[in-house]
Amino acid sequence: MGVQRRIWLLFFLLPVATGLAYSNSAFDLDGPQIHVNVTRGAVVLPIAEVPNLQPEDQIWLRPELLPGQSIRYLMIVAFLRGPTNPPPVKWFTKAETWNKSVLNKGIRVTVPQGAEHVLLLLAPETGGGFSTVRAAVESEPGVFVRAAVDLNQASLDRSRVETFLSAVRQIAATDPARLEARSKLLARSLNVKIDTACFDKPVEEQPTCLTKNRTGLVLGNGNTQSTVAALTSGTTSDLFNQISSSPAAGGGMYSPYVGAIVDVVHLLGGMHTADYQYIPALSLENQDLIRLKLNSPPSFRKPKSVLVMGMPAVQAVQFPLLHAVNAEQVYCLQSPKLVLPVEGAPLVFSSSYAREMKLQIVRKTGEPVELTVTPDAERGGYVLDASTENATNLALLEPGPEVNGSGQLQGALQGFWGFDALHGPAFHLQRARATRWTPVTEHGNVLSADVLIVGGKDTFDVRSNVAACAQQVTIEDAQQKALPVTWKRVKPDTLQVQVSMEDATPGPMTMAVQQYGVDKPDTTQLRAYAEAATLEGFVLHSGDTSAVLQGTLLDQVTGAELQGIHLVPSGLTHKGKVDVLQLAIPVAAEKSVVQKTAKKSAGNAAAETAKLAALQPDSAMTLHVTLKDGRVLDLPIVIQSARPRVALISKTVQRVPPTEPSSVPSAAQTSMEMFNRDDLPQNGRLSFFLKSVVPPSFSRTESIEVAAVDGSFSTMLSVTNGALTLQDAQTVLADLYPAKSFGSSAFGALQFRPVDLNGLVGDWQPLANLVRLPTLQQVRCPMEAGQLCTLSGDDLFLLDAVASDPQFHHAISVPIGFAGSELRVPRPEGAELYIKLRDDPKAVNVIALPVVPELP
C-alpha cells in the first residue's frame, strides 16, 4: 500500500478510529493469556522483567486458554526489520494453540540477527491463515513496525496509569487526609499529570476527580519517546503524529498513550482482508504471564479479528534516566521513614524491569555493604526493606566516621535493568550515634550566653554531623519544665530550633536531641537570661509633656525618672528591629519603683507635667529607666529644642459665590443656615487666625499643615504660596479653599499643625469638619394638604435626611446609592426645610427654598 493510499485510508478511517479512541481507549476487555520468558546465556527472566531483547535471545511462549475455549487461535511470532524492509519467511513462527504439546510445553523461538522488533499475532483458525497473516506483514512491514512500537509503549503507559489509580484508591480508603500530598508524590514518581483543582474539592470528592480521566494522566517518558522517535521518523510518521494530537483524535484532552492507540487503530484498520481484520491488544505483565486487554470485541466471522500485541524491541539496553531528587540531601539510615527520593524513570515504579535493587555502601575498609530496597511510588522513591538481613548488614556500618570524619557515608543504588547491570544515583547517608551538638547563631558563631532571652521566642541553630538522624528535640528550663519547641533541618549538618521562652525561668537549661536507633538522647547545656533592655536614644523637646525612648526589649520597661519627674510607658511600637516606647506623666496614683514614694494623681500630675514642660533646651541630664526585674539603667540625654506651637484665636467660614450668574439658585445662593459652626462647606473658604506660642514670633519660613484626621489628604499653607498673611509678628491669617486644595471628593474632620523650616512639627489640633453640599433648586408641592412634596436639585446623595421640623419627627432618609435629581420630602412649613448632611449627620441645618405648586 503506497504512502498516498495510506494517507487517504488514514483520513477515511479517522472518524471511526477517533470514536473508538474516545469510547474504548480504556482497553478493559479481557483477551487471551500467554506465558512468556526470555533466556539470555544462563539467565532466564519472566517477560515482565525484560525491557529489551537482543539477537540470540530465546523466547519461550505457552498459551493459556480459558476453560471451555471453543475458538482455535493460531499463534504467530513475527520478527521485523525496518519499516521499508520486509522480513524473510524464516522469521515467522506459527503454533497451534489447541495442540496439546503447545499447551503443555509451549514453543521456543530465537531472536535472529538483524531483527529489530517482535510482534505476536493471534489469528482465529482459517484455511491458509498463517500465509495470509504473513503476507500482510510482508506487504506492509512499516505498518506492523509502527504497531509493535506503539503497542509496547501504550502497554507501558497503561502500567503507569494502573499503578497511579490503584494507589489513589488505596490512599482514599485508608488515609484520605493525606491524599493530596501522596498523590503529588505519585504524580512525580510515575510522571503523570494530575488536575490540581481536584484538591480544592471536598476530601470525599477528591479520589473520583483524580481518577475520572485515566487516559489523560500519562505524560511522555523521555526514554520511551526517544526510542519511538528513532524508529518512526519520516514524513508519514509526522503526519500520523499530527493527526493523533489533533482535537478530533483526542489531542489536548488525552495523552500520548491515547495518541499511540489512535495511530495503531488507524494503521491496523487499513490492513483488513476478506478473511482477517487486525485489532490492537495491550499487554499487562505479571512475572511470566501476559494478560491481553482489548478495546473492542473481536469478531469470529469474516473478516475475523487478528489480535496484534507488541513485545519489547530488539535493541541495545536503554537504561532509565533515574536520578536523585536532591543530590545534596543527607539521609539517616536508621530512620523508619527513610525514603531515597528519585525521579525521571516512571517505569521503575510501574514495571518490574528494575530488579534486585540494592543500596550499596562502601565502608572505609573497601568492603561493600548491601541493603535491599524496593520502589514505592506513593512515597516518591526507594525504601529500605524491614528485613533481618538489612538489620544485620546495617550493623556492619557501626564503626566510626566513614568519609573525612564527617559521619557521612556514600551509597548508590545498584541492581539490574532486565539482564544488564544498573548503576543508579548516589546518596549521602548518615548513621545515628552518640555525638555532641553545638548551638550556633544564624551567622555560624558559637551561641553566646545572652541569646536565649526569657519572655519571647528565640531561634538558634544546632550543628552536628548526624543532624539527619534527629528524631526529636526537647528543652527544659531550670525548673525542669518542658518548653514548647519546634525544629527543622536547614542544612545537612544543622537543625534550626525555635523555643518559646514566654514561661521559661532564667537559669540553666537542658536541650536533648533524640536520634533514630539510639537509646539515650544527646544533651547540651544552655542558659536563659532575662536580658536587660538596650537604650539607644531618648527624645524630649522643651515644653513637651511626653517623651520617646528608643532601644530594644523595651517591653521590660516599667517606668523612668528624669529630674525627679516620674514617667510611665504609654505605648510601644516597633520600627524594624528598634522598639519605640512613649513615656508620659502617670494620670493616676502610682508608686515609684526607684524612689519607693507614693505619687498623688490629680494635683501632682499637673505639677509633674509643668515641671517636665519647664525643662530647658540643651540641658544635659541622666534618665533612669526601671525594668521589670528591678534593675535600673541610666542613659545620658540632652533636652531638645522646643517644637513649634501655635494657638487658634478665631475662625470664619464664608461661602464662595459662583463665578457666573444662574437663573436657578445654587447651593451657594440658597439661604442655608448651618447650625454646626465647625462645618466647612467644600466650596467655602475658611479663614482662621493663629498666634505663635513657640517661638514667640511667627517666622516667614514657618508653614501650617492642614490634613484629614485619617491622613487621606493634606496641604501646606505658607507665606510663599499666599495662604498665610502676617497681621503682626505673632499673629497670622490663614486662608483655606478646600475645593482647590483637596478636590471634590474630600470630606471629614480636619486638623492643623505648625511646621518649621527644619521640618520640626508641632502637635495636631482640631480645625473644622469638611462637608460637601448638594445643589438644591426648589420644592414642588401638590395642592392637597398632607401629601409629600418634591425636592429637586443635584448631588442629592450628599443629603442624609430631610425633615419639615427641627426635631426630625417628620423626616425622609436618603438611601445609600441614591442617584436621582428629585426626592420626595415632607411638606415644608412655609419655605424652610431641615436637612442633615451625609458628611455630618449629627448637625441640623435649615434651608429656605422656593415652594411652587406641582402641576397635575
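Look up: the structure comes first, before these words.
Everything numeric in this text was worked out from a predicted model, so none of it was measured.

> Just checking my understanding: could you explain the pattern of salt bridges for this structure?
Where charged atoms from two side chains of opposite charge approach closely, those side chains can pair. Tallied over the entire structure, the rule returns 20 salt bridges. Where Glu822 meets Arg780, a salt bridge forms, and the shortest distance between an N and an O atom there is 3.1 Å. Taken together, the positions of Glu822 in strand β49 (residues 822-825) and Arg780 in strand β45 (residues 775-781) put the pair 42 residues apart, joining distant regions of the chain. Judged by relative accessible area, which is 19%, Arg780 ranks as buried. Linked through salt bridges whose partners overlap, the residues forming this network are Arg40, Asp57 and Asp420.

> Help me out: how do you make sense of the environment of Pro506 in this one?
Its place among the elements puts Pro506 in the loop between β23 (494-500) and β24 (507-515). Separated by 29 residues in sequence, Pro506 and Asp477 have C-alpha atoms that sit 7.5 Å apart. Ignoring any residue separated from it by four or fewer positions in sequence, one finds Pro506 in contact with Val454, Ala478, Ala528 and Ala530.

> Just to check I follow, could you spell out the side chain of Gln33 for this structure?
Mapped onto the elements, Gln33 comes out in strand β1 (residues 29-40). Overall, Gln33 belongs to the buried group, its relative accessible area being 17%. Excluding residues within four positions of it along the chain, Gln33 makes contact with Pro63, Glu64, Leu66, Leu289, Ile290 and Arg291.

> Any chance you could explain the packing of helix α4 (residues 141-174) against helix α5 (residues 179-190) here in plain terms?
Helix packing geometry: the angle between the two helix axes and the distance between the axes. Running from N to C, α4 and α5 cross one another at 165°; their axes reach a closest spacing of 10 Å. If you check the angle between α4 and α5, you find them roughly antiparallel. Here α4 and α5 pass one another in a crossing that is right-handed. Along the contact surface, α4 presents Arg160, Thr163, Phe164, Ala167, Val168, Ile171 and Ala172, while α5 presents Leu179, Arg182, Ser183, Leu186, Ala187 and Leu190. A class-by-class count of the residues in the contact of α4 with α5 yields nine nonpolar, two polar and two charged.

> In this structure, what is going on with the sheet that holds strand β46 (residues 789-794)? I would like to understand it.
Note: strands within a sheet are paired through backbone hydrogen bonds, in either parallel or antiparallel orientation. The strand order across the open sheet formed by four strands is β49-β46-β45-β52, and the pairing between neighbours is mixed. Strands with a single pairing partner mark the edges of an open sheet, and in this sheet they are β49 and β52 (851-853). For this sheet, the mean angle separating the axes of adjacent strands, direction not counted, is 30°. Note that β45 and β46 share five bridges and pair antiparallel. By the bridge assignment, Gln778 is partnered in β46 with Ser792.

> Even after reading the chapter, I still don't get unusual backbone geometry, so can you show me in this structure?
The phi torsion of most residues other than glycine is negative, and most of the peptide bonds are trans. Here the amide bond leading from Lys302 into Pro303 is cis, since omega sits at -5°, within 30 degrees of zero. Considering the arrangement of structural elements, one finds Pro303 in the loop between β9 (289-294) and β10 (304-310). Residue Pro695 is reached from Val694 by a cis peptide bond, and omega for that bond is -5°. Within the fold, Pro695 resides in the loop between β38 (684-694) and β39 (703-708). Phi is positive for Gln563, which is not a glycine, with a value near 55°. Residue position: Gln563 is located in the loop between β28 (557-562) and β29 (565-575).

> I would appreciate a short explanation of the state of the cysteines in the present structure.
In a disulfide, the sulfur atoms of two cysteines are held together by a covalent bond. Scanning the entire structure with this criterion turns up two disulfides. The disulfide partner of Cys332 is Cys469, and the S-S distance across this bridge is 2.0 Å. As the torsion about the S-S bond is roughly 105°, the Cys332-Cys469 disulfide counts as right-handed. A residue pair is termed long-range when its members are at least 10 positions apart, and Cys332 in strand β12 (residues 330-332) and Cys469 in the loop between β20 (457-463) and β21 (470-476) qualify at 137 residues. Between Cys781 and Cys789 runs a disulfide, and the two sulfur atoms are separated by 2.0 Å. Judged by the sign of its S-S torsion, about 110°, the bond between Cys781 and Cys789 is right-handed.

> Help me understand the packing of aromatic side chains, please; the structure alone is not making it clear to me.
Geometrically, a pair of aromatic rings is defined through the distance of the ring centres and the angle of the planes. A complete count under the given rule lists six aromatic pairs for this structure. With a centroid separation of 5.5 Å and an interplanar angle of 80°, the aromatic rings of Tyr353 and Trp417 are classed as edge-to-face. Taken together, the residues Tyr353 in the loop between α10 (347-350) and β14 (354-362) and Trp417 in strand β17 (residues 408-417) connect sequence positions 64 residues apart. The burial state of Tyr353 is the same as that of Trp417; both residues are buried. A ring pair is formed by Phe713 and Phe742, whose centres lie 4.7 Å apart and whose planes are at 50°; its orientation type is tilted. A residue pair is termed long-range when its members are at least 10 positions apart, and Phe713 in the loop between β39 and β40 (714-717) and Phe742 in helix α13 (residues 738-742) qualify at 29 residues.

Rules and cut-offs
- Residues numbered from 1 in each chain as written.
- Predicted model: local features only at pLDDT ≥ 70, side-chain atom pairs only at ≥ 80, totals over all residues.
- Heavy atoms only, no water.
- Salt bridge = Lys/Arg side-chain N within 4 Å of Asp/Glu carboxyl O.
- Helix = DSSP H or I, 4+ residues; strand = E, 2+ residues; numbered from the N terminus.
- Buried < 20%, exposed > 50% of the residue type's maximum accessible area, 1.4 Å probe, protein only.
- Contact = heavy atoms within 4.5 Å.
- Axes fitted to C-alpha atoms, helices over the stretch in contact; angles between N-to-C directions.
- Parallel < 35°, antiparallel > 145°, perpendicular 65-115°, else oblique.
- Left-handed = near helix turned anticlockwise from the far one by under 90°.
- Nonpolar A, V, L, I, M, F, W, Y, C, P; charged D, E, K, R; others polar.
- Pairing = 2+ DSSP bridges.
- Disulfide = S-S within 2.5 Å.
- Phe/Tyr/Trp six-rings, centres within 6.5 Å; stacked < 30°, edge-to-face > 60°.

Shape descriptors only; they carry no functional weight alone.
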